[in-house]
Amino acid sequence: QKEVEQNSGPLSVPEGAIASLNCTYSDRGSQSFFWYRQYSGKSPELIMSIYSNGDKEDGRFTAQLNKASQYVSLLIRDSQPSDSATYLCAVTPWNTDKLIFGTGTRLQVFP
Amino acid sequence: DAGVTQSPTHLIKTRGQQVTLRCSPKSGHDTVSWYQQALGQGPQFIFQYYEEEERQRGNFPDRFSGHQFPNYSSELNVNALLLGDSALYLCASSRRRARDSNQPQHFGDGTRLSIL
């Protein structure tokens with residue numbers, strides 16, 4: 001079992017729709033969770049961090065964390081073609097600072 | 001406010017050579033982590049430096065080594081390069097983690113290393 005799992009996609013959504021990206025992790029003691037966006041040929045850019053169960057909203061982005069189910073998700077409302085990128089889920093295991101990444105989900109938003 | 005800066009942006013080496021990559025952290029950050037990202041994969045943790053010492057290390061051989069300087073900047077050294085070392089090398093900086101949470105890591109633009 002991979003430490004952090006994501007569906008590689010591509011996930012295709014029409015412009016204006018809600019894109020839902022999902023991630024599961026294996027270390028039950030994980031304490032910090034992050035979503036990064038990576039455009040092709042570029043480096044990862046932090047878009048959301050979440051540390052406790054529930055929802056966290058920032059503009060068009062909402063991160064959701066369920067530690068009991070070991071599940072974290074990212075919702076993108078009013079998706080735009082400029083949101084087309086790979087979205088990386090990252091988790092820090094218990095008592096460490098390192099990031100464990102999933103392989104990323106490629107999102108395509110079409111006009 | 002400068003973000004994380006890495007140099008060089010691209011590098012071409014041949015098998016068996018050695019390479020040094022450099023990173024300057026974001027202002028206010030004191031911790032530097034290095035990651036390797038192969039094509040189509042998520043970044044893989046190499047190691048982390050804080051207070052000029054290697055604090056954590058991922059599953060990478062001893063050919064990968066590093067250093068952190070008093071100004072918090074860092075170097076990644078790779079010896080005896082292999083074809084499989086071709087990847088994007090990312091530096092990320094953060095502030096030392098607060099109790100019960102990890103400060104987000106911010107990435108530089110990376111160094112793309114190609115081994116011929």
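What counts, and where the lines are drawn
Residues numbered from 1 in each chain as written. Chains lettered and ligands numbered in written order. Predicted model: local features only at pLDDT ≥ 70, side-chain atom pairs only at ≥ 80, totals over all residues. Heavy atoms only, no water. Helix = DSSP H or I, 4+ residues; strand = E, 2+ residues; numbered from the N terminus. Rg over C-alpha atoms; globule rule 2.2 N^0.38 Å. Buried < 20%, exposed > 50% of the residue type's maximum accessible area, 1.4 Å probe, protein only. Contact = heavy atoms within 4.5 Å. Pairing = 2+ DSSP bridges. Axes fitted to C-alpha atoms, helices over the stretch in contact; angles between N-to-C directions. Buried area = accessible area lost by both parts, 1.4 Å probe. Salt bridge = Lys/Arg side-chain N within 4 Å of Asp/Glu carboxyl O. Polar contact = N/O pair within 3.5 Å; in protein donor to acceptor, adjacent residues only side chain to side chain. Nonpolar A, V, L, I, M, F, W, Y, C, P; charged D, E, K, R; others polar. Core = buried A, V, L, I, M, F, W, Y, C linked by side-chain atoms within 4.5 Å. Disulfide = S-S within 2.5 Å.

K.L.:
So what exactly am I meant to see when it comes to the overall build of chain A here?
P.N.:
When helices and strands are counted, chain A shows zero helices and 11 strands. Along chain A, helices (α) and strands (β) appear in the sequence β-β-β-β-β-β-β-β-β-β-β when read from the amino end. For chain A, whose C-alpha radius of gyration is 13 Å, the value lies close to the compact-globule estimate of 13 Å for 111 residues. Overall size of chain A, expressed as C-alpha extent along the three principal axes, is 45 × 30 × 20 Å. The burial tally for chain A puts 46% of its 111 residues in the buried class. In chain A, the proportion of contacts linking residues at least 24 apart, taken out of those at least 6 apart, comes to 55%.

K.L.:
Help me out: how do you make sense of the sheet that holds strand S7 (residues 64–68) of chain B in this one?
P.N.:
Within a beta sheet, neighbouring strands are joined by backbone hydrogen bonds and run either parallel or antiparallel to one another. All names here are of chain B. Across the sheet, which stays open at both edges, the four strands sit in the order S1-S3-S8-S7 with antiparallel pairing between neighbours. Each end of this open sheet is capped by a strand with a single partner; those strands are strand S1 (5–7) and S7. Neighbour-to-neighbour, the strand axes of this sheet turn through a mean angle of 20°, independent of strand direction.

K.L.:
Looking at this model, I keep getting lost on the sheet that holds strand S7 (residues 61–66) of chain A. Mind explaining?
P.N.:
All names here are of chain A. Reading across from one edge, S1-S3-S8-S7-S6 is the order of the five strands in this open sheet, with antiparallel pairing throughout. Two strands close off the open sheet at either side, each with one partner strand: strand S1 (4–5) and strand S6 (54–58). For strand S3 (residues 19–25) and strand S8 (residues 71–76), the ladder comprises six bridges, and the chain directions are antiparallel. In the sheet register, serine 20 faces S8, and the bridge partner there is leucine 75.

K.L.:
Even after reading the chapter, I still don't get the interface of chain A and chain B, so can you show me in this structure?
P.N.:
The accessible area lost on association of the parts is a frequent measure of interface size. Between chain A and chain B, the residue contacts involve 22 residues of the former and 22 residues of the latter. At the boundary of chain A with chain B, total buried surface from both sides reaches about 1700 Å², with 49% on carbon and sulfur atoms. Taken together, chain A and chain B are joined by zero salt bridges. Remark: the boundary between chain A and chain B carries six residue pairs in polar contact (both at pLDDT 80 or more). Secondary structure elements with two or more residues in the side of chain A that touches chain B: strand S4 (32–38), strand S5 (45–50) and strand S9 (85–92) of chain A. The greatest single-element share of the side of chain A that touches chain B, amounting to four residues, is contributed by S4(A). Partitioning the side of chain A that touches chain B into residue classes produces eight nonpolar, 11 polar and three charged.

K.L.:
What should I look at first to understand unusual backbone geometry in this one?
P.N.:
That bond from A:Gly9 to A:Pro10 is cis: its omega, 10°, falls within 30 degrees of zero. One can find A:Pro10 in the loop between S1 and strand S2 (11–14). In this model, B:Ser7 is joined to B:Pro8 through a cis peptide bond whose omega is -10°. Positive phi values are uncommon outside glycine, yet A:Gln70 reaches one of about 55°.

K.L.:
I'm lost on the side chain of B:Gln36 in this one. Help?
P.N.:
Residue and element names in this part refer to chain B. Tracing the sequence through the fold places glutamine 36 in strand S4 (residues 31–37). On the accessibility criterion, glutamine 36 (13% relative accessible area) is buried. At 2.9 Å, the side chain of glutamine 36 forms a polar contact with the side chain of tyrosine 89. Once you skip the residues sitting within four places of it in the chain, glutamine 36 turns out to touch Gly42, Pro43, Gln44, Ile46, Phe60, Phe64, Gly84, Asp85, Ala87, Leu88 and Tyr89.

K.L.:
Please clarify how the nonpolar core should be interpreted in this entry.
P.N.:
The tendency in soluble globular proteins is for nonpolar side chains to be buried as a group. With 24 residues, the main nonpolar core has A:Trp35, A:Val72, A:Leu74, A:Ile76 and A:Tyr87 as its most contacted residues. Breaking this core down by element, the ones donating at least two residues are S3, S4, S5, S7, S8, S9 and strand S11 (105–110) of chain A. If we ignore the near neighbours within four places in the chain, the residues touching A:Leu74 are A:Ala19, A:Ser20, A:Leu21, A:Trp35, A:Ile47, A:Met48, A:Phe61, A:Thr62, A:Ala63 and A:Tyr87. Residues B:Tyr49, B:Leu76, B:Leu81 and B:Ile115 belong to the second largest nonpolar core, which totals 20 residues.

K.L.:
Could you clarify how one ought to interpret the state of the cysteines in this entry?
P.N.:
Formally, a disulfide is one covalent bond, and it connects the sulfur atom of one cysteine to the sulfur atom of another. For the structure on display, the rule yields two disulfides over all chains. Here A:Cys23 engages in a disulfide with A:Cys89; their sulfurs sit 2.1 Å apart. Judged by the sign of its S-S torsion, about -70°, the bond between A:Cys23 and A:Cys89 is left-handed. Taken together, the positions of A:Cys23 in strand S3 and A:Cys89 in strand S9 put the pair 66 residues apart, joining distant regions of the chain. Residue A:Cys23 is classed as buried on the basis of its relative accessible area of 1%. In this model, B:Cys23 is linked to B:Cys91 through a disulfide, with the two sulfur atoms separated by 1.8 Å. An S-S torsion of about -60° defines the bridge between B:Cys23 and B:Cys91 as left-handed.

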